[in-house]
Amino acid sequence: MSDFPNYDDQIKQDLEKLRQQEQQKKSKQQQEMERDRRLVQQEEDYQLLLKKQQELEREKARLRAEIRRRQELKIEQERIKQTELNREERRRQQLQYDREKVRQQESQKSSPPPAYTPHYSPSPKSSIEEQLKELDKLIGLNHLKDEVRQYINFLKVQKLREKQGLQPVSITLHSVFCGSPGTGKTTVARLMGQIYQQLGILKKGHLIETDRSGMVAGYVGQTAQRVDELVNSALDGVLFIDEAYTLKPVDPGNDFGQEAIDMLLKRMEDYRDRLVVIVAGYGDEMTRFVNSNPGLKSRFSRYFYFEDYTPQELIKIFDIFCHQHHYTLTEAAKEVLLTRFKELYDHRDKSFGNGRLVRNMFEKAIEKQANRLVTIPDVNPYIMQQILPEDVDQLIINS
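This write-up is about the structure you can find in this document. These numbers come from a predicted model, not from an experiment.

**Focus: the overall build of the chain**
Within the chain, the secondary structure is distributed over 14 helices and eight strands. By the burial criterion, 34% of the 399 residues in the chain qualify as buried. Summarising the internal contacts of the chain: among those between residues at least 6 apart in sequence, 77% fall at separations of at least 24. Summed over all atoms, the accessible surface of the chain reaches about 25,700 Å², with 51% contributed by carbon and sulfur.

**Describing a nonpolar patch on the surface**
There is a patch of nonpolar side chains on the surface, built from Tyr7, Ile11, Leu15 and Leu18 and spanning about 450 Å² of accessible area. Along the chain, Leu18 turns up in helix H1 (residues 7-107).

**Looking at the pairing of strand E4 (residues 237-241)**
Burial within E4 is extensive, with five of its five residues counted as buried. Across four bridges, the pairing between strand E3 (residues 207-210) and E4 is parallel. Within the sheet, the bridge partner assigned to Glu209 lies in E4 and is Phe240.

**Examining helix H8 (residues 283-291)**
An α-helical turn contains 3.6 residues, so a residue and the one three or four places further along point in the same direction. The set of residues buried in H8 consists of Glu285, Met286, Phe289 and Val290. The buried residues of H8 occupy an angular sector of 130° when the element is viewed end-on, so they sit on one face. On its buried side, H8 packs onto strand E2 (175-179), helix H7 (257-270), strand E5 (275-281), helix H9 (294-299) and strand E6 (302-306).

**Overview of the packing of helix H2 (residues 128-137) against helix H3 (residues 142-163)**
Packing of H2 against H3 leaves a shortest axis separation of 11 Å and a crossing angle of 165°. Taken together, the axis directions place H2 and H3 in an arrangement best described as roughly antiparallel. At the point where H2 passes H3, the crossing takes the right-handed sense. Counted together, Ile128, Glu129, Leu132, Leu135 and Asp136 of H2 and Lys145, Val148, Arg149, Ile152 and Lys156 of H3 form the full contact between these two elements. Residues of the contact of H2 with H3, tallied by class, amount to five nonpolar, no polar and five charged.

**Notes on the pattern of salt bridges**
Applying the stated rule across the entire model yields 25 salt bridges. A salt bridge links Arg79 to Glu76; the nearest nitrogen and oxygen atoms lie 2.6 Å apart. Here Arg79 pairs with Glu76, and both are found in helix H1, just three residues apart, close to one helical turn. Looking at Glu76, the relative accessible area reads 34%, which means it is partly exposed. With a shortest N-O distance of 3.4 Å, Lys137 and Glu134 are connected by a salt bridge. A residue pair is termed a helical-turn pair when its members lie 3 or 4 positions apart in one helix, as Lys137 and Glu134 do in helix H2 at three residues. Looking at Lys137, the relative accessible area reads 57%, which means it is exposed. Under the relative-accessibility criterion, Glu134 is labelled partly exposed at 37%. Residues joined in a network through salt bridges with shared partners are Asp228, Lys266, Arg267 and Asp270.

Definitions and limits used
Residues numbered from 1 in each chain as written. Predicted model: local features only at pLDDT ≥ 70, side-chain atom pairs only at ≥ 80, totals over all residues. Heavy atoms only, no water. Helix = DSSP H or I, 4+ residues; strand = E, 2+ residues; numbered from the N terminus. Buried < 20%, exposed > 50% of the residue type's maximum accessible area, 1.4 Å probe, protein only. Contact = heavy atoms within 4.5 Å. Areas by Shrake-Rupley, 256 points an atom, 1.4 Å probe, with all protein chains shown as cover. Patch = residues over 30% accessible without salt bridge, like charges linked within 9 Å, V, L, I, M, F, W, Y side chains within 5 Å. Salt bridge = Lys/Arg side-chain N within 4 Å of Asp/Glu carboxyl O. Pairing = 2+ DSSP bridges. Arc of directions from axis to C-beta. Axes fitted to C-alpha atoms, helices over the stretch in contact; angles between N-to-C directions. Parallel < 35°, antiparallel > 145°, perpendicular 65-115°, else oblique. Left-handed = near helix turned anticlockwise from the far one by under 90°. Nonpolar A, V, L, I, M, F, W, Y, C, P; charged D, E, K, R; others polar.

In short, geometric facts, not functional conclusions.
So, in structure tokens, the structure goes:
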């Protein structure tokens with residue numbers, strides 16, 4: 001064997017190594033190119049997906065806008081349809097009213113029935129002093145009684161001036177009675193009518209009592225007819241309108257109350273010498289009601305205020321109910337009842353029932369008494385008349 005190295009083999013090995021390195025390098029390049037191609041493809045796929053998503057969002061927005069447009073169109077169509085229905089209903093009601101009016105006019109030659117029958121209180125034959133005594137018999141209301149007496153004295157002097165040939169002062173007899181329920185407004189209005197009759201201001205002096213339900217109807221034209229019938233029944237007397245502020249709600253809308261007010265003002269002007277109108281209700285609401293219309297404000301300038309009854313006055317009213325129905329309130333029961341009245345009075349609001357509260361409590365008390373008496377074997381008249389503390393204790397009352 002030769003001592004010289006085999007250069008051919010070495011060269012072959014080096015060439016093989018170079019070839020392998022070259023292949024590895026090419027393989028690596030191909031891998032990098034493939035990776036770059038995949039990244040480019042992924043980017044293109046992402047951009048395509050993003051584009052499709054944006055197109056989908058635009059389509060969804062377009063569909064939402066189309067749905068809103070169709071909904072608005074449907075609402076508008078419903079509104080137009082409802083408007084047409086309302087217009088048709090008003091035409092039908094007007095036609096029905098016209099036919100009914102023609103029928104009533106044709107039947108008026110006989111005896112047409114009234115559309116509304118108000119509460120009628122005739123005026124008894126008694127003197128002014130007797131009427132004022134009846135006023136004094138009312139529990140409480142001391143300030144009101146003084147105002148009424150002063151007012152009546154003023155009217156007396158005006159009548160005397162007229163008899164003596166002096167020019168009387170022009171005054172309005174229409175009044176506003178302000179106060180909570182159960183404070184005697186209707187009773188005082190009835191007495192005022194009787195006093196007007198005694199003074200020669202009114203021929204009859206009777207009282208016609210009504211409220212919104214007796215004046216306002218549900219169809220066009222019927223409200224004016226109702227008011228006209230009420231005024232005709234109250235001529236030469238007093239028309240008393242309780243809770244008159246309900247004729248002018250805070251949010252009237254399509255309310256027919258204004259029609260009642262307009263007809264009432266017209267008839268008050270037509271019969272200024274034959275009609276006295278007294279409107280009544282809570283103080284704040286009545287002030288709002290009168291100030292809501294210049295015609296009302298000019299005709300109702302005289303206010304009478306009815307204060308809530310004190311607990312002691314409520315006890316006196318309870319005693320009157322007892323006396324009228326032959327019961328006796330024991331002193332012990334009176335103390336329990338007074339405590340209960342004080343609680344109710346201290347926590348009262350504008351719906352405080354006053355006299356109505358006392359009536360309710362009286363009725364509840366005699367019911368409890370009757371429930372107690374049925375357990376007693378021998379009941380005599382004295383026991384049956386006694387109202388004891390347990391009969392008035394813890395009464396549940398809606399005032």
